[in-house]
Amino acid sequence: MSAPPGLNKFFLGASLFQSTVLRWATAYVLIFFYYLSFLDYGLNLWDEGGFADGTLRTFRGEMALRDFNPIGYLPGRYIYSAWFFDWFGISLHSLRLSVAVFTPLMPLMVYAISRRIMPVGFSLLAGAMMLSAPSMYYNRFFPLFCVLVLFCLVRWLERPKFWRGLLLATAILLCIPFKMEIAIFSVGLWGLLALWRWRDPVTRIDNKPTSPVRLGLGLGILIAISGILMMFLWRYQVPQKFIEIVFNTHAVWGNPFPALFPFWEIWRTEGPDRMFERVMFYIPLATYALVLILLGRDRMARRGSNQSQLFLLAVTGMGICAFGLVVWRAGFDNLIRTLPAFYILLPYLLFRLRNRLMTLFAHLEERISFWAPEKLLVHFLVGIFPLLFLYEMNFGHGFYVGSVGARWQNTEKLEMDRMTVWTNPYEARWVRQLIDKIEIATKPGDSILALPLNPLFYYLTDRANPIAHGWILPGMLDDAAQQEVVHQLLIKSPQLVILADFAIDGKEDRRFSRYAPIIYRHLQRHYQLWEKVGLFEVLLPVGPSKIPVIPASPGTH
């Protein structure tokens, strides 16, 4: 006796669903363990501590913007990562694990987006580029939400159903406590593309009307989430602080794009790896411009799918908006985290190039072999830059792009209570010596001051930061704000100061003593140099009686 058709259909659907889920789950697990294999390689003495110390303070009940870092990152990243401190213990490994958990979603979503505009091979290339350079782990919230919003937007453009719109709106709202700028330009991009889709009769799809119950439920959820977020934004003056970070700081913190000419002279001076970094500042912009030109040509010639053109517009728009972060500050670490859209569009252009080149040999297609010189030339032209990119990201760089190359660049193990990492020898030596100085001169709970960007030492030593700011960078504080910091230092004077007064980006006006002179003069009056460790000056309160007695090393008499 045969099973009813409905039952057969049900089991067939379940089997297909399980097969699809199994494939995606397997891919996720493989990518996760790939990232896990170099999770503890690399260390950034400057930026990394902000994430670690902020997460620890959040774990203990404080909140960013309210209790610390009034001009700093939004609290979403700290709240999320504090869960991993609770589950796996307070360590840098737990912090990095919190990011490694969501990182595999990025290449998977990039692949899924790419499959809507190009074949499997080129989509895999896009996913591999995302896999090879997702950016430093504490910078990945920016590319994650760019990819997440783009993925939801493309799915909504594909079939603008109510629940897909609700999912997209939720993703945009979720950006706000993590990366507000992504939420702002995502709303604008969605509005423009929705208008385009509505005005285009070819891409407009008539959907079944949504039932009042579903519509009310969805709107209720959105209104509730929006209300909670708006209360948070108003309570802690987030928009005002966001404007201060984006606009006021850029005037003194922004960098020009690196020069490319004289090309060969720069190549000889800095080497191929650094030259590749310089070129990478310009290739994404050229890619976005070329895609827009091709879209305009295709539109006028009525070539290609209107739906795929919408997808390409969405990806290009996201790429251009995200690239604003590089315009704000032209640093290679900033560049890498803005590139997910580029990882999709470059393979698309290579796909178009391959098709164009292959038309030259169309009359030979039936009898030409894969190894024929004509086809080898096509494969070389199409593959040369992606191969160069993958090589550079995995061998020429490493920790700063989030790749496996960090394993080869960091060779010394640094073990401490809250951190076990592999780093370079001189940074390992600096950290050990500075931690020794802190432990000699102070005890847990005492206050120390680490400037301009060294919260890592608060995290590692369990010493308190006496001021509200975890870091003080160019353009952050005017004279009145500096006076407020001095007032905080007088109320709770640190027992030790770690100061790195070097020229940031090689610019003399970006020395701490230049851009925060009021705080610097206060430190000069009340503290004296104990010892210099690498780029760091270790300062103690003025007065010989307050200089701690340094214990003799074992074995000395």
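Position numbers for residues count from 1 along each chain, tracking the sequence in the order it is written. Owing to the predicted nature of the model, reporting of local features is limited to residues with pLDDT of at least 70; listing and counting of side-chain atom pairs is limited to 80 or more, with chain, interface and lining totals taken over all residues. The side-chain numbers reported here are obtained from all heavy atoms of the structure, hydrogens and water having been left aside.

Caption draft 1: Spotlight on the pattern of salt bridges. Salt bridges, as used here, are contacts in which a Lys or Arg side-chain nitrogen is within 4 Å of a carboxyl oxygen on Asp or Glu. Counted by the stated rule, this structure contains 16 salt bridges. Here Arg116 and Glu158 are joined by a salt bridge, their closest N and O atoms 3.2 Å apart. Of the two residues, Arg116 sits in the loop between helix H5 (105-114) and helix H6 (120-132) while Glu158 sits in helix H7 (residues 141-158), which places them 42 residues apart along the sequence. Burial status follows relative accessibility: with a 1.4 Å probe on protein chains alone, a residue under 20% of its type maximum counts as buried, one over 50% as exposed, and anything between as partly exposed. Of the residues examined, Arg116 reaches a relative accessible area of 24% and is grouped as partly exposed. Owing to a relative accessible area of 17%, Glu158 belongs among the buried residues under this scheme. The partner of Arg278 in a salt bridge is Glu270, with the nearest N and O atoms 2.9 Å apart. With relative accessibility at 36%, the residue Glu270 sits in the partly exposed group. Among the charged side chains, a network of salt bridges with common partners joins Arg60, Arg418 and Asp462. Going along the chain from the N terminus, every DSSP run of H or I of four or more residues is numbered as a helix, and every run of E of two or more is numbered as a strand.

Caption draft 2: Structural detail: empty space enclosed by the protein. Computed over the protein atoms alone on a 1 Å grid, cavities are sets of points where a 1.4 Å probe fits but cannot get out and pockets are open sets with protein on both sides within 12 Å along at least five of seven lines; a residue lines them when it has an atom within 4 Å of a point. Grid points are joined across faces, edges and corners, and a volume is the space filled by probe spheres set on the points. All told, the structure shown has three cavities of 30 Å³ or more when counted by the stated rule. Within this model, the largest cavity holds a volume of roughly 150 Å³. Taken together, 16 residues line the largest cavity, and the ones lying closest to its centre are Phe38, Leu39, Tyr137, Arg140 and Phe399. The leading source of residues in the lining of the largest cavity is helix H4 (residues 92-100), at three residues. When grouped by side-chain class, the residues that make up the lining of the largest cavity number 10 nonpolar, four polar and two charged. Side-chain classes follow a simple rule in which Ala, Val, Leu, Ile, Met, Phe, Trp, Tyr, Cys and Pro form the nonpolar group, Asp, Glu, Lys and Arg form the charged group, and the remainder, Gly included, forms the polar group.

Caption draft 3: Representation of the layout of surface pockets. By volume, the second largest pocket amounts to about 390 Å³. Along the wall of the second largest pocket there are 15 residues; nearest its centre are Leu294, Leu349, Arg352, Leu353 and Arg356. The leading source of residues in the lining of the second largest pocket is helix H18 (residues 340-358), at seven residues. Across the lining of the second largest pocket, the residue classes tally to nine nonpolar, two polar and four charged.

Caption draft 4: Representation of the sheet that holds strand S5 (residues 527-533) within the structure. Overall, mixed pairing links the four strands, which are arranged S3-S4-S6-S5 in an open sheet. Each having just a single partner strand, strand S3 (449-451) and S5 make up the two edges of the open sheet. Averaged over all neighbouring strand pairs, the angle between strand axes comes to 20°, with direction disregarded. Judged from the three bridges that link them, S3 and strand S4 (residues 497-499) form a sheet pairing that is parallel. Across the sheet, the residue bridging to Leu451 is Leu499, located in S4. Its contacts with the sheet put helix H21 (residues 425-441) on S4, S5 and strand S6 (536-541), and the angle it makes with S5 is roughly 145°. The pairing criterion for strands is at least two bridges between them, as found by DSSP. Axis lines are fitted through C-alpha atoms, for helices just across the contact stretch, and the angle between N-to-C directions can take any value from 0 to 180 degrees. Contact definition: two residues touch when any of their heavy atoms are within 4.5 Å.

Caption draft 5: Molecular detail of the nonpolar core. Each nonpolar core is a collection of buried residues, namely Ala, Val, Leu, Ile, Met, Phe, Trp, Tyr and Cys, held together in the definition by side-chain atoms within 4.5 Å. Counting residues in hydrophobic clusters, the biggest one holds 168 residues, and the most contacted among them are Met280, Phe342, Phe512 and Ile519. For this core, the leading source of residues is H7, giving 14 residues. With residues up to four places along the chain from it excluded, the contact list for Phe512 reads Leu451, Pro452, Ile472, Leu499, Asp501, Pro517, Ile519, Tyr520 and Leu523.

Caption draft 6: Representation of the packing of aromatic side chains. For Phe, Tyr and Trp, rings pair up if their centres lie within 6.5 Å, where Trp contributes its six-membered ring, and each pair is then called stacked (planes under 30 degrees apart), edge-to-face (over 60) or tilted (otherwise). Applying the stated criterion across every chain yields a total of 47 aromatic pairs. The interplanar angle of 85° and the centroid separation of 6.3 Å between the aromatic rings of Tyr80 and Phe141 together place this pair among those described as edge-to-face. Linking Tyr80 in helix H3 (residues 76-88) with Phe141 in helix H7, this pair joins segments that are 61 residues apart in sequence. Taking relative accessible area as the criterion, Tyr80 reaches 17% and is therefore assigned buried. On the basis of relative accessibility, which here comes to 2%, the residue Phe141 falls in the buried class. With a centroid separation of 6.1 Å and an interplanar angle of 40°, the aromatic rings of Phe263 and Trp267 are classed as tilted. You can see Phe263 and its partner Trp267 sitting in helix H13 (residues 263-280), four residues apart, about one turn around the helix. We classify Trp267 as partly exposed; its relative accessible area is 35%. When the NZ atom of lysine or the CZ atom of arginine is within 6 Å of a ring's centre and also within 35 degrees of its normal, the charge is said to sit over that ring. Taking the ring centre of Phe51 as reference, the NZ or CZ of Arg77 above it sits at 5.9 Å.

Caption draft 7: Summary view of the confidence of the model for the protein chain. For every residue, the predictor reports its confidence as pLDDT, a number between 0 and 100. In this model, the protein chain carries an average pLDDT of 86, and 82% of its residues clear a pLDDT of 70 or more. Segment residues 551-557 is flagged for pLDDT under 50; beyond a separation of four residues in sequence, or across chains, it makes one contact in the model.

Caption draft 8: Structural context of the pairing of strand S1 (residues 412-416). Where S1 meets strand S2 (residues 419-423), five bridges bridge the pair, whose relative direction is antiparallel. Counterpart to Leu414 in the pairing with S2 is Val421.

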